[in-house]
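# Summary of structural features
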Amino acid sequence: MIETTNCPVCNSTESKVHLESKNFRINMKPFTVKECTSCTMRYTSPLPAENEIGEYYASENYISHTGTKKGLINTLFHMVRFITIRSKFRLISKVGNGKKLLDVGAGNGVFLNFVNKKGWDVNGVELDDTSRAHIEETLGKKIATTVNDNEEKEEYDVITMWHVLEHVYQLKKDIQTIKGKLKKDGTLLVAVPNCASHDEKRYQDFWSAYDLPIHLYHFRPQNVKDLFAQFDMEVVDIKPMKFDAYWISLESEKYKNGVKNSLGVYIKGFWYGLISNLKAKNGEYSSQIYVIRNK
Ligand SMILES: [Zn+2]
């Protein structure tokens, strides 16, 4: 385990414990979320070493990385995913000055494949060997394992990171590399959970979007703005991801009640997801997409 001594955003060494929680998915080991007393950034510390985090990704329940279609919830999940992919595509079409896309942390490649079929020139980065092989087969070309695999310069009109930034160990180094791959007038889209959301306040240490320890950072909008300002980039818009509130509330209800499946948990998860969305003003949703450009 490695202690994080400096704030990942502002580098301050001053922090307080925000909450103690645990890994609910695999082994129930305890983890701590700290909060920087200078800039309010929250981060997981201590962390497993980078070569030891793998065990936390190996879970059948981690369905966002699989393609199975078993059970009502998974069916709903796949329906929602299709709607989400279409809305992500509408967003890249709106913000992009051209049609060249890089998806960093491409997962199962469903989004990349969709965009490819719409006639965009697409490329991806995926760390997981099985997922990457699957994407390469679907797209019919090799893709990179990490953002450091090649030295692309100002290649892309749009770069997307859908729920990826909260997982990366080399946060600032990766942002610098990614900025280098983006055209000067390009757009970076970063989706991350929002720890200043209403569902976080409701569930706190059971809030499933803390996802300890695989989420290393727990951003609120100001933290994202502060972080990218250091790279001469600015957040020009924030888009809500309303489906995430339901998913996160459902998972949080499961953790809170210590049950995997029950009707009560599904009803509560849906209800509190709805409440979170209804209460949220701009910038307060459970998960959000930050639209980021060079200054
Ligand atoms: Zn800080």
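Just so we're clear, the structure is a prediction, and the values are computed from it rather than from any experiment.

## Describing the overall build of the protein chain
Each helix and strand counted, the protein chain has eight helices and ten strands in total. Taking 295 residues into account, the globule formula puts the C-alpha radius of gyration at 19 Å, and the protein chain, at 18 Å, falls close to it. Overall size of the protein chain, expressed as C-alpha extent along the three principal axes, is 45 × 45 × 40 Å. Residues classed as buried in the protein chain amount to 37% of the 295 residues present.

## Topic: the nonpolar core
Counting residues in hydrophobic clusters, the biggest one holds 60 residues, and the most contacted among them are Leu101, Ile159, Val190 and Ala191. With six residues, strand β7 (residues 182-193) is the largest single contributor of residues to this core. The contacts of Val190, once residues within four sequence positions are left out, are Met161, Leu165, Val224, Tyr290 and Ile292.

## Quick look at the environment of Asn194
As for its placement among the helices and strands, Asn194 is situated in the loop between β7 and α5 (198-203). Overall, Asn194 belongs to the buried group, with 29 C-beta atoms counted inside 10 Å. Sequence spacing of Asn194 and Ser286 is 92 residues, and the spatial spacing of their C-alpha atoms is 5.3 Å. Every residue in contact with Asn194, bar those within four places of it in the chain, is listed here: Phe219, Arg220, Pro221, Tyr285, Ser286, Ser287 and Gln288.

## Description of the confidence of the model for the protein chain
Caution applies to low-pLDDT parts of the model: their predicted coordinates are not meant to be read in detail. Per-residue confidence for the protein chain gives a mean pLDDT of 93, with 96% of residues at or over 70. Throughout residues 63-67 the model reports pLDDT below 50, and contacts reaching past four residues in sequence, or to other chains, amount to seven contacts.

## Remarks on the packing of helix α1 (residues 71-95) against helix α2 (residues 110-117)
Two numbers describe how α1 lies on α2: the axes approach to 10 Å, and their chain directions differ by 55 degrees. If you check the angle between α1 and α2, you find them oblique. The way α1 lies across α2 gives a crossing that is right-handed. Listed contacts from α2 to Arg81, Ile85, Lys88, Phe89 and Ile92 of α1 are Val110, Phe111, Phe114 and Val115.

## Digging into unusual backbone geometry
In this structure, the amide linkage connecting Ser45 to the following residue, Pro46, adopts the cis form with an omega of 0 degrees. Positionally, Pro46 belongs in the loop between β3 (42-44) and α1.

The rules behind the values
Residues numbered from 1 in each chain as written. Predicted model: local features only at pLDDT ≥ 70, side-chain atom pairs only at ≥ 80, totals over all residues. Helix = DSSP H or I, 4+ residues; strand = E, 2+ residues; numbered from the N terminus. Rg over C-alpha atoms; globule rule 2.2 N^0.38 Å. Buried ≥ 20, exposed ≤ 12 C-beta atoms within 10 Å, placed from the backbone. Core = buried A, V, L, I, M, F, W, Y, C linked by C-beta atoms within 7 Å. Contact = placed C-beta atoms within 7 Å. pLDDT = per-residue confidence, 0-100. Axes fitted to C-alpha atoms, helices over the stretch in contact; angles between N-to-C directions. Parallel < 35°, antiparallel > 145°, perpendicular 65-115°, else oblique. Left-handed = near helix turned anticlockwise from the far one by under 90°.

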